[in-house]
Amino acid sequence: MRHHLRRPAAFALTALLLVAACSPAPASPSPSIEPVPESPSPSSGASLAPDAGAIYRDIAAQVSAIRQLDASDRVEPVVIDGPTLLRNLKAEFDKTNSPAEIATEERILQLLGLLPPDASLAKLYLDLQGNQVIGYYDATVNQLFIVSRDGNFGALGEATYAHEFAHELQDRHFDLESLGLDIIKDDSDRLLAILSLVEGDAVSVQTSWMFAHLTPERLGEIAAQASDPAMLQVLASTPRILIETSLFPYQSGATFVGRLQAENGYAAVDAAYKRLPESTEQILHPDAYLEGEAPIQIAVPSDLATRLGAGWSVRAGDTIGEFQMRVWLREGGVPGDVARLAAEGWGGDRLTILTGEGDGAVATIVWITAWDSAADASEFAAAAATAVGGLGLDAEMAASGTRVVLGIRSGPMPTGATLRSIVEGLARC
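Residues numbered from 1 in each chain as written. Predicted model: local features only at pLDDT ≥ 70, side-chain atom pairs only at ≥ 80, totals over all residues. Heavy atoms only, no water.

1. Some thoughts on the pattern of salt bridges
Then step 1. Scanning the entire structure with this criterion turns up 22 salt bridges.
Then step 2. Between lysine 185 and glutamate 101 there is a salt bridge, and its shortest N-O distance comes to 3.6 Å. Separated by 84 residues along the polypeptide, lysine 185 in the loop between helix 6 (154–174) and helix 7 (188–213) and glutamate 101 in helix 4 (residues 99–111) bring together distant segments of the chain.
Then step 3. Residue classification places lysine 185 among the partly exposed positions, given a relative accessible area of 28%.
Then step 4. Taking the shortest distance from any N to any O, the salt bridge between aspartate 127 and lysine 123 comes out at 2.7 Å. In this pair, aspartate 127 and lysine 123 both sit in helix 5 (residues 121–132), four residues apart, roughly one turn of the helix. (Salt bridge = Lys/Arg side-chain N within 4 Å of Asp/Glu carboxyl O. Helix = DSSP H or I, 4+ residues; strand = E, 2+ residues; numbered from the N terminus. Buried < 20%, exposed > 50% of the residue type's maximum accessible area, 1.4 Å probe, protein only.)

2. Looking at the environment of glycine 407
Then step 1. With respect to the element layout, glycine 407 can be found in strand 9 (residues 403–409).
Then step 2. On the basis of relative accessible area, glycine 407 is assigned to the buried category, the value being 0%.
Then step 3. The spatial distance from the C-alpha of glycine 407 to the C-alpha of methionine 397 is 6.3 Å, given a sequence separation of 10 residues.
Then step 4. For glycine 407, the residues in contact, after removing those within four places along its chain, are Ile365, Asp394, Ala395, Glu396, Leu419 and Val423. (Contact = heavy atoms within 4.5 Å.)

3. Quick look at the packing of aromatic side chains
Then step 1. Per the stated rule, a full pass over the model turns up nine aromatic pairs.
Then step 2. Judged by centre distance (5.3 Å) and plane angle (80°), the ring pair of phenylalanine 256 and tyrosine 289 falls under edge-to-face. Taken together, the residues phenylalanine 256 in helix 10 (residues 240–272) and tyrosine 289 in helix 12 (residues 286–290) connect sequence positions 33 residues apart. No difference in accessibility class separates phenylalanine 256 from tyrosine 289, as the two residues are buried.
Then step 3. Judged by centre distance (4.5 Å) and plane angle (25°), the rings of tryptophan 371 and phenylalanine 380 are stacked. Accessibility assignment for this pair places tryptophan 371 and phenylalanine 380 in one class, buried.
Then step 4. Taken together, the ring pairs connect Tyr56, Tyr161 and Phe165 into an aromatic cluster.
Then step 5. Taking NZ or CZ as reference, arginine 275 lies 4.0 Å from the ring centre of tyrosine 289, over its face. (Phe/Tyr/Trp six-rings, centres within 6.5 Å; stacked < 30°, edge-to-face > 60°. Lys NZ or Arg CZ within 6 Å of the ring centre and 35° of its normal.)

4. Here's the deal with helix 16 (residues 374–391)
Because each turn of an α-helix spans 3.6 residues, side chains separated by three or four positions in sequence point in the same direction.
Then step 1. Taking 1.5 Å of rise per residue, 18 residues should cover 26 Å, and helix 16 covers 25 Å from first to last C-alpha, within 8% of that figure.
Then step 2. Those residues of helix 16 hidden inside the fold are in contact with helix 14 (321–331), helix 15 (336–344), strand 7 (363–371), strand 8 (394–400) and strand 9. (Expected span 1.5 Å × (residues − 1).)

5. Section: the confidence of the model for the chain
Then step 1. The predicted model of the chain has a mean per-residue pLDDT of 86, with 86% of residues at 70 or higher.
Then step 2. Contacts for the low-pLDDT stretch residues 1–8, under 50 throughout, to residues beyond four places or in other chains number 57 contacts. (pLDDT = per-residue confidence, 0-100.)

6. Observations concerning the pairing of strand 8
Note on strand geometry: in a regular strand, side chains alternate between the two faces of the sheet.
Then step 1. The pairing of strand 8 with strand 9 spans seven bridges and is antiparallel. Along strand 9, the bridge assignment pairs alanine 395 with isoleucine 408.
Then step 2. Here strand 8 folds back onto strand 9 in antiparallel fashion, the turn holding two residues, of which glycine 401 has a positive phi close to 60°. (Pairing = 2+ DSSP bridges.)

7. Some details on the pairing of strand 9
Then step 1. Strand 9 sits mainly inside the fold: seven of its seven residues count as buried.
Then step 2. Judged by which residues are buried, strand 9 turns out to be covered on both faces: Arg403, Val405, Gly407 and Arg409 on one side and Val404, Leu406 and Ile408 on the other are all buried.
Then step 3. Strand direction decides the pairing type here: strand 7 and strand 9, joined by seven bridges, are antiparallel. Looking at the pairing, isoleucine 368 lines up with valine 405 of strand 9.

8. Things to note about the sheet that holds strand 5 (residues 313–318)
Then step 1. With respect to topology, five strands assemble into an open sheet ordered 5-6-7-9-8, the strand pairing being antiparallel. Bordering the open sheet on either side are strand 5 and strand 8, each of which pairs with just one other strand. Here the average twist between neighbouring strands, direction ignored, is 15°. (Axes fitted to C-alpha atoms, helices over the stretch in contact; angles between N-to-C directions.)

9. Let's talk about the side chain of aspartate 189
Then step 1. Checked against the element boundaries, aspartate 189 lands in helix 7.
Then step 2. Buried and unpaired, aspartate 189 has arginine 190 as its nearest opposite-charge partner, separated by 8.5 Å.
Then step 3. In terms of polar contacts, aspartate 189 uses its side chain to reach the side chain of threonine 280, at 2.5 Å.
Then step 4. Excluding residues that lie within four positions of it along the chain, aspartate 189 makes contacts with Glu278, Ser279, Thr280, Thr319, Ile320, Gly321, Glu322 and Trp346. (Lys, Arg positive; Asp, Glu negative; His and termini not counted. Polar contact = N/O pair within 3.5 Å; in protein donor to acceptor, adjacent residues only side chain to side chain.)

10. A closer look at the packing of helix 14 against helix 16
Then step 1. The interhelical angle for the contact between helix 14 and helix 16, taken along N-to-C directions, is 50°, at an axis separation of 7 Å. By the angle class used here, helix 14 and helix 16 are oblique. Counted together, Met325, Trp328, Leu329 and Glu331 of helix 14 and Phe380, Ala383, Ala384, Ala387, Val388 and Leu391 of helix 16 form the full contact between these two elements. (Parallel < 35°, antiparallel > 145°, perpendicular 65-115°, else oblique.)

This is how it looks when you write it as structure tokens:
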């Protein structure tokens, strides 16, 4: 369940959520931005019209003051249209994700019951991003892009720029590429946690900027633009796991950053770039981060494949984490609050996908989870049993002490008895 937002990107839905969360007092009106010509490619993208450029320079100065970081060498934004955005997203997706990786992730999501058997993860991701992204900062080329699908910007464009310029400031001062967002391949939970710091920081700045510089009328303009029927239709057809993992860094990340600010303002946020969060548990429960509560490292037996029988091999491994575990439980029919409480005792986990002979059509997941207490483990096991039934999974489960182990298979092999023996043995470790 790797999260593919390799680089920060502002979402229209996020802007709408910010509008819903803010009820600012009237502020001085900000002038509208004139339409900017669409561009055929990011390298030859349209520059901002002179008056628009002045507005963005003002926003940059305001954001710098809010974030307390200087950016005297800021870059001018490049404007791209919708088709160019899609080309850029596909090129980035293809560069950072091999076909084998995508096939593996599809298989994991399908085995967990979170993705239909015939779904294309790449198509779902690009459809979601292509309809929701309204701006992004690319740290590899030090360039900020603003997306204009109809040639107009207005308040949504300004709020987007405030968010993306916060990313530019982050890159100037903390080097976004050094955080490892492009290279973490086998720990979705840690990737999502780091991304939550980056996006939560930008959302915090964006929210402060919107509160200070947009009138209620202009916030209403953002709500109208962000409620585009085409965008909402895409959201309605996208599996919940993709939507929720896409929004988590913005929503929970902002809460996490707010908790850090309560400790020591933006100085505490700056310090977090030197001691990165390690899990979504730390994002959901900032005190766990502040107290240095690290995830439990799960050791997967080196002979796990041979335990399944001849012809089996390990295909990939991943750490799912508290947040995505919560989503899985809810998708399996566990009520929201029950799922949240059942996942809260998470201490660590490791999911391994193994495939049988041939093209990998026969696959099995072995998911080892560790919990803070035996009571937490029992609570999760009860909720997981409900989810397994609700999702119609062919699974075996065993619990012992603070461990719960799930085995999920896609076919008749390995036999139920073999899989049950394996998960029982792993639970006793």
